[in-house]
Each structure stands twice: as structure tokens, then as C-alpha cells.
Amino acid sequence: MAPLIYSALIISLGLGTTMTFASTHWYLAWMGIEINTLAIIPLMAQNHIPRAIEATTKYFFIQATASATLLFASISNAFLTGQWDITHTPYTLTSTLITLALAMKIGLAPLHSWMPEVMQGLNLLTGLILSTWQKLAPLYLIYQIQPNNPDIFIALGILSILVGGWGGFNQVQLRKILAYSSIAHLGWMILILSFSPPLALLTIMIYILMTFSLFSSFMLTRTTHINSLATTWAKVPILTISTPLVLLSLGGLPPLTGFMPKWLILQELTKQSLSPLATMAALSSLLSLYFYLRLSYAMTLTMPPNNPAGTLPWRLNPRHNTLPMALTTTSTICLLPMTPTIMSLLPF
């Protein structure tokens, strides 16, 4: 892809999300999301292979369906209330339709089935954009509407945590595993959104930090399959140490950064007299922890394959800047002791 076209698409991605963030009108927010969708589609299809075209087509149809539902629900809300204000959704039917349309856009269970298949057809950089940046605008709208009845958020959250853990069990493709990881982490964010919006914001920020670090590691080693993890020691030896720690942080093990949002969410749910819900969420997260441990085992404790002479991957100088990966990896591993400081900065 020509650099000028690529730059225009990246700017359009930023413009679409910024437009949604700055909107208080449903139609402008919808336009921002559409700009986002139309900008990422050429990035998905830039590799002219059948798998990428199939993933792009699936993504387009799913996003078009969700956008049509969102536009219908927002028009219905404007018809019933007489205004287009995003924060004014008093009717249960319209707020539920809007929530489900946005859940389909970001891939929350049970509207998640497109996410792993689309991720599998993309390269790692586009998959990173889909897993992080493309979630921000719909999550902002979900953050704004917050229906009076939190049951729909609780149901979407618990179901997403379960599906995100269960779906990644037998996967060997790293992009599908990362897709199910995304579903599970968004489930934690949606689960707590009704009770503590700042905590939901902290959860999505730490998720983006950890996901960026992991995708950067896989891009550096050009790894897309679980069997390829065993050769990481020959490409970038330091990643044999750092990447398993990032994986365990995604799983939420202490004393790593990923433990922070889960710990605070379980504490908040207990304060809200929802101890059974907290217990169910904690037990469901063990499913996700299993495949993170599986990836860590494949990367560190398995013997490297006996490659014939001349086929061992050489330790070449990386073609892209590794400083962002180093910073995010350090943050992914070491931020837990700063929990009191982070909590003091957010309006809990």
C-alpha cells in the first residue's frame, strides 16, 4: 500500500474515534463510528489473499448490521424523547437495542462469533488495531448511555468472560487466542461499568497496554502459531523471558499488572453485595488463565525443534522501533505496586 494512502487511512481512524468522543449527538457519533469502519476495511484487505478478503467481508457485514441497528435505535430514541442527546436514553427498549448494537461492534458475547474468524484473516498489525483502537468509540458510547438496569451489562460481562475463556481452550492460532482474550477482558470491563465507571476505564487502559505489548512481541518474531513460539529463543532471546510474563499478566496473576483490575473489580463487586457474581467471574477467569499458561509453557519449557542446518531463524536486527514494546512490556509487568497512586489519580 502506498505510504500516502496508508497515512490517510490512519488519520481517518483517528478522526472517526475523535469525532465520536467529541459528540453529544447520536447522528455525529454514528458518523464517527462509520468513518472508523470504512478506514480499517482497506487496511484489512491490503494483503490480496482469500483469507484476508473473507475476513474483510465478514467484518463489513457485521459492522453494517450493527450500524443499521444503532441508527434505528437512536432514531427511535429521538422520536420518543424529542432529542438526540447521547446521555438521554430513558426507554428500556431503545437503550437495550443500542447496547446490543454496540456489543456486536466490539465483539461481546453472545454477539462475538465474528471476532475470532476475522482476526485469523488479518496480519498482526491490523489485528492490533482491531483489538484496541476500534473498541474505543463503541466503548465510549456504552460508557455514556449506562441504562438504569445493570442486568444487561452483568449478563454480557459474565457471558463474555466465560466464552472468552472457553473458546481459547483448543486453539493453536495465536490470533484466535488473542481474539478470545479480547472478548474475556471486555467482559470484565462491561461487568463493572454500571457500578464503577472509573474502574472500567482503568481496566480498558491496562488491557490496551498488555495487548500492545503482546502483539509487538509477536510482530517482532513474526509468530502466528503456537508451535512457532518454541523458536523465539533463536530470534530474540530476551522475549523468551518477557513474553511469558506478559501472558501471565493478561491472565491476571499477581504480582503482575494484570492482577490490578481483576483485584479491584472483585473488591468492588463484593462491596456491592454481589459476592456470588464475583466468585463466578473469578472462577471463569481460570479458563483464560489455562491457555495463557499453555502459551507460556510452549514458549519456555519446550525443547526447540531440531531444525536442519541452514533453516534456523537468524537473529536479525529488527526493522521497526522496539522502544514502545520495551516500555509497554515493563509497564505490563511492574505497575501493580503503583495501584494506590493510580487509584488516587482516578475519580473513584
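On a predicted model such as this, the values are computed, not experimentally measured, just so you know. (Residues numbered from 1 in each chain as written. Predicted model: local features only at pLDDT ≥ 70, side-chain atom pairs only at ≥ 80, totals over all residues. Heavy atoms only, no water.)

**Let's talk about the packing of aromatic side chains**
With the rule as written, the count across this model stands at eight aromatic pairs. Aromatic side chains phenylalanine 259 and tryptophan 263 sit 5.9 Å apart centroid to centroid with 10° between the ring planes, which places their arrangement in the stacked category. Of this pair, phenylalanine 259 and tryptophan 263 both sit in helix 13 (residues 259-271), four residues apart, roughly one helical turn. Note on tryptophan 263: relative accessible area 38%, which makes it partly exposed. The interplanar angle of 55° and the centroid separation of 4.8 Å between the aromatic rings of phenylalanine 291 and tyrosine 292 together place this pair among those described as tilted. Tyrosine 292 matches phenylalanine 291 in its accessibility class, with the two residues each being buried. (Phe/Tyr/Trp six-rings, centres within 6.5 Å; stacked < 30°, edge-to-face > 60°. Helix = DSSP H or I, 4+ residues; strand = E, 2+ residues; numbered from the N terminus. Buried < 20%, exposed > 50% of the residue type's maximum accessible area, 1.4 Å probe, protein only.)

**A closer look at the domain arrangement of the chain**
Domain boundaries assigned for the chain yield domain 1 (1-148) and domain 2 (150-306 + 322-347). Inter-centroid distance (C-alpha atoms) of domain 1 to domain 2 is 23 Å. Listed as interface residues are 30 residues of domain 1 and, on the opposing side, 31 residues of domain 2. Summing the contributions of domain 1 and of domain 2, the shared interface buries around 2800 Å²; its carbon and sulfur component is 79%. In this structure, the connection of domain 1 to domain 2 is made through one salt bridge. For the pair domain 1 and domain 2, the number of links is six residue pairs in polar contact (both at pLDDT 80 or more). Only helix 4 (92-106), helix 5 (114-120), helix 6 (124-131) and helix 7 (133-145) provide two or more residues apiece to the side of domain 1 that touches domain 2. Taken together, the residues of the side of domain 1 that touches domain 2 sort by class into 18 nonpolar, 10 polar and two charged. (Domains from an automatic or database assignment. Contact = heavy atoms within 4.5 Å. Buried area = accessible area lost by both parts, 1.4 Å probe. Salt bridge = Lys/Arg side-chain N within 4 Å of Asp/Glu carboxyl O. Polar contact = N/O pair within 3.5 Å; in protein donor to acceptor, adjacent residues only side chain to side chain. Nonpolar A, V, L, I, M, F, W, Y, C, P; charged D, E, K, R; others polar.)

**Description of a nonpolar patch on the surface**
Taken together, Leu38, Phe60 and Phe61 make up a surface patch of nonpolar side chains, about 330 Å² in accessible area. Looking at phenylalanine 61, the relative accessible area reads 53%, which means it is exposed. (Patch = residues over 30% accessible without salt bridge, like charges linked within 9 Å, V, L, I, M, F, W, Y side chains within 5 Å. Areas by Shrake-Rupley, 256 points an atom, 1.4 Å probe, with all protein chains shown as cover.)

**Comments concerning the pattern of salt bridges**
All told, the structure shown has three salt bridges when counted by the stated rule. The partner of glutamate 117 in a salt bridge is arginine 51, with the nearest N and O atoms 3.9 Å apart. Of this pair, glutamate 117 sits in helix 5 while arginine 51 is found in helix 3 (residues 50-81), placing the two residues 66 residues apart along the sequence. Note that lysine 58 is salt-bridged to glutamate 54, the shortest N-O span being 3.0 Å.

**Remarks on the side chain of threonine 126**
With respect to the element layout, threonine 126 can be found in helix 6. Dropping the residues within four chain positions of it, threonine 126 is found in contact with Ile40, Leu43, Met44 and Gln46.

**Remarks on the UniProt feature "transmembrane region" (unreviewed entry) in the chain**
With numbering matched to this structure, UniProt assigns "transmembrane region" (unreviewed entry) to residues 57-79, 91-111, 123-146, 152-170, 177-195, 201-221, 233-253 and 273-293. Overall, residues 152-170 shows 84% helix and 0% strand. The separation of its end C-alpha atoms is 29 Å. Secondary structure across residues 233-253 comprises 76% helix and 0% strand; the distance between its end C-alpha atoms is 24 Å. (UniProt positions renumbered as here; feature names shortened; annotations may be inferred.)

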